[in-house]
Amino acid sequence: MTKLILTDIDGTILPAGSTQVSKRTMRAFHAALRAGIHIGPASGRGIDWIPPFFAGDEQCCSTCLATNGLQVYLDGKLMHEEQVSRQALEQVGAIVHEIPHAGLLCFKEATPLLVEGSRADLATVFPSYGQSCVETEGIPEFPIVKSNVFVAADEQHTRAFVKKLNAEVEALDFDYALVGFSNIMPHGYNKGSGVCMLREALGIAADEVVVFGDGGNDLSMFSATPNSVAVANAQVGVSEAARWHIGRCDEDAVAQAIEVLAAGGWPFSA
């Protein structure tokens, strides 16, 4: 019996260019809640970004992994928040300063602060952040939870960039989220660790959890959960890592699967 469902947002239940998930997705979330299943998003987005994707319906995200599992919420309460070391971020800033077209972002709530790099390079990698970012000097003084690095480059160079950072900054982990973009996490903290925290709090087994995803930052969640599900538009490595496979994000494939789970069925097959 499924007792916890977690799904990535961008590219998994939110098609590119959309600002809100579909009404069918929200109905499916509520069906799961009525069935007594804990359900919510597991996203690289900070918590301030998430409710608007569900038209402000906080029931859909009262259980949530935000900022790649650095913020863990259960039934509307913050269970855990892991902050990023200022000293480690200063080390990251020094490294990216020497790499052409690379940069560093730190977030103040939903506002991206451009600590290193150029707005133009950021805009080629993540256009919305390029438009909304505020340029700043040095690592902000307030506690940092969400931060990212970027490089205006192709996939091969992005992966080399991520590999270099992982090798040189021991206190932090860097994933391959998408071409030109990586999430920064304190070592050992990610969506997978967030899943384990929720499992422990709920007192449930790993096989009572179902997770959905499409991107590199979902791999840790897939590793922590036997029932990992990739949408058809997932990155190749993510699809290969998943146990189960469904249709595309823009076909409401996750919503369809949740509807079956909420009804006590099992929508996956080899």
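Sequence order as written defines residue numbering, which begins from 1 separately in each chain. Restriction of local features to residues with pLDDT of at least 70 applies here, the model being predicted, together with a cutoff of 80 or more for giving and counting side-chain atom pairs; totals for whole chains, interfaces and linings are based on all residues. Working from all heavy atoms in the structure, the side-chain values ignore hydrogens and water.

Here's the deal with the sheet that holds strand β14 (residues 244-245)
Thinking step 1. Note on pairing: two strands pair once DSSP finds at least 2 bridges between them. A run of DSSP states H or I qualifies as a helix once it reaches four residues; a run of E qualifies as a strand once it reaches two. Both are numbered from the N-terminal end. The strand order β2-β1-β12-β13-β14 describes an open sheet built from five strands, whose pairing is parallel. A single partner strand is all that each edge strand has here, and the edge strands are β2 (38-41) and β14.
Thinking step 2. When strand β13 (residues 227-230) meets β14, the two strands line up parallel, connected through two bridges. Bridging across to β14, Val-229 finds its partner in Trp-244.
Thinking step 3. By definition in these notes, contact holds between two residues if any of their heavy atoms fall within 4.5 Å. For helices, the fitted axis covers only the stretch in contact; all axes are lines through C-alpha atoms, and the angles between them, taken along N-to-C directions, range from 0 to 180 degrees. Helix-sheet contacts for helix α7 (residues 191-202) involve β1 (4-7), β2 and β12 (209-213), and the interaxial angle to β1 is about 160 degrees.
Thinking step 4. Docked against the sheet, helix α10 (residues 253-262) engages β1, β2 and β12, running at close to 170 degrees with respect to β12.

What about unusual backbone geometry?
Thinking step 1. One non-glycine residue with positive phi stands out, namely Asp-75, at about 50 degrees.
Thinking step 2. Here Asp-75 shows up in the loop between β4 (71-74) and β5 (77-81).
Thinking step 3. Judged by relative accessible area, Asp-75 falls into the partly exposed class, the value being 48%.
Thinking step 4. Of note in this structure, His-101 is not a glycine but carries a positive phi near 65 degrees. Exposure is judged per residue with a 1.4 Å probe applied to protein chains only, and the accessible area is read against the type maximum: over 50% gives exposed, under 20% gives buried, and values in between give partly exposed.

Structural notes on helix α6 (residues 155-168)
Thinking step 1. Multiplying 1.5 Å by the helix residue count minus one yields the expected span of that helix. With 14 residues, α6 should cover 20 Å at 1.5 Å per step; its first-to-last C-alpha distance of 20 Å lies within 8% of that length.
Thinking step 2. All buried positions along α6 are accounted for by Thr-158, Phe-161, Val-162 and Leu-165. All buried residues of α6 project into a common sector of 95 degrees when viewed along the axis, lining one side. Every exposed residue of α6 that faces more than 90 degrees away from the buried side is listed here: Gln-156, Lys-163 and Ala-167. Starting at the helix axis, one direction is taken to each C-beta atom, and the arc is that of these directions.

Quick look at the layout of surface pockets
A water-sized probe, rolled over the atoms, reveals where empty space remains.
Thinking step 1. Any residue with an atom within 4 Å of a point lines the site, the site being either a cavity, points on a 1 Å grid over the protein atoms alone where a 1.4 Å probe fits but cannot get out, or a pocket, an open set with protein on both sides within 12 Å along at least 5 of 7 lines. Grid points are joined across faces, edges and corners, and a volume is the space filled by probe spheres set on the points. Considered as a void within the structure, the largest pocket measures approximately 780 Å³ in volume.
Thinking step 2. Lining the largest pocket are 33 residues, with Asp-10, Gly-11, Arg-45, Phe-126 and Leu-178 positioned closest to its centre.
Thinking step 3. Of all the secondary structure elements, the ones that give two or more residues to the lining of the largest pocket are α5 (127-132) and β11 (181-186).
Thinking step 4. Here the lining of the largest pocket gets three residues from one element, more than from any other, and that element is α5.
Thinking step 5. Three categories are distinguished: nonpolar for Ala, Val, Leu, Ile, Met, Phe, Trp, Tyr, Cys and Pro, charged for Asp, Glu, Lys and Arg, and polar for the others, with Gly belonging to the last. Its residues assigned to classes, the lining of the largest pocket comprises 13 nonpolar, 13 polar and seven charged.

A closer look at the side chain of Asn-183
Thinking step 1. Here Asn-183 shows up in strand β11.
Thinking step 2. What qualifies as a polar contact is a pair of N or O atoms within 3.5 Å, subject to a donor-acceptor requirement within protein and to the restriction that residues adjacent in sequence count only when both atoms come from side chains. At 3.1 Å, the side chain of Asn-183 forms a polar contact with the side chain of Asn-68.
Thinking step 3. Here the side chain of Asn-183 touches Asn-148 through a polar contact of 2.9 Å, side chain to side chain.
Thinking step 4. Not counting residues within four places of it along the chain, the set of residues in contact with Asn-183 comprises Asn-68, Lys-146, Ser-147, Asn-148, Asp-173, Phe-174, Asp-175, Ala-177 and Asn-217.

Re the packing of aromatic side chains
Thinking step 1. Note on aromatic pairs: the rings of Phe, Tyr and Trp (six-membered ring only in Trp) are paired at centre separations within 6.5 Å, and the planes decide the class, stacked below 30 degrees, edge-to-face beyond 60, tilted for the rest. Counting across every chain of the model gives 10 aromatic pairs.
Thinking step 2. On the basis of an interplanar angle of 45 degrees and a centroid distance of 5.4 Å, the ring pair of Phe-29 and Phe-54 is categorised as tilted. One end of the pair, Phe-29, is in helix α1 (residues 23-34); the other, Phe-54, is in the loop between α2 (50-53) and β3 (64-66), with 25 residues separating them in the sequence. Summarising the burial analysis for this pair, Phe-29 and Phe-54 share the class buried.
Thinking step 3. Note on Trp-49 and Tyr-129: the rings are 5.7 Å apart at their centroids and 65 degrees apart in plane angle, and the pair reads as edge-to-face. Of the two residues, Trp-49 is situated in the loop between β2 and α2 and Tyr-129 in helix α5; the sequence distance between them amounts to 80 residues.

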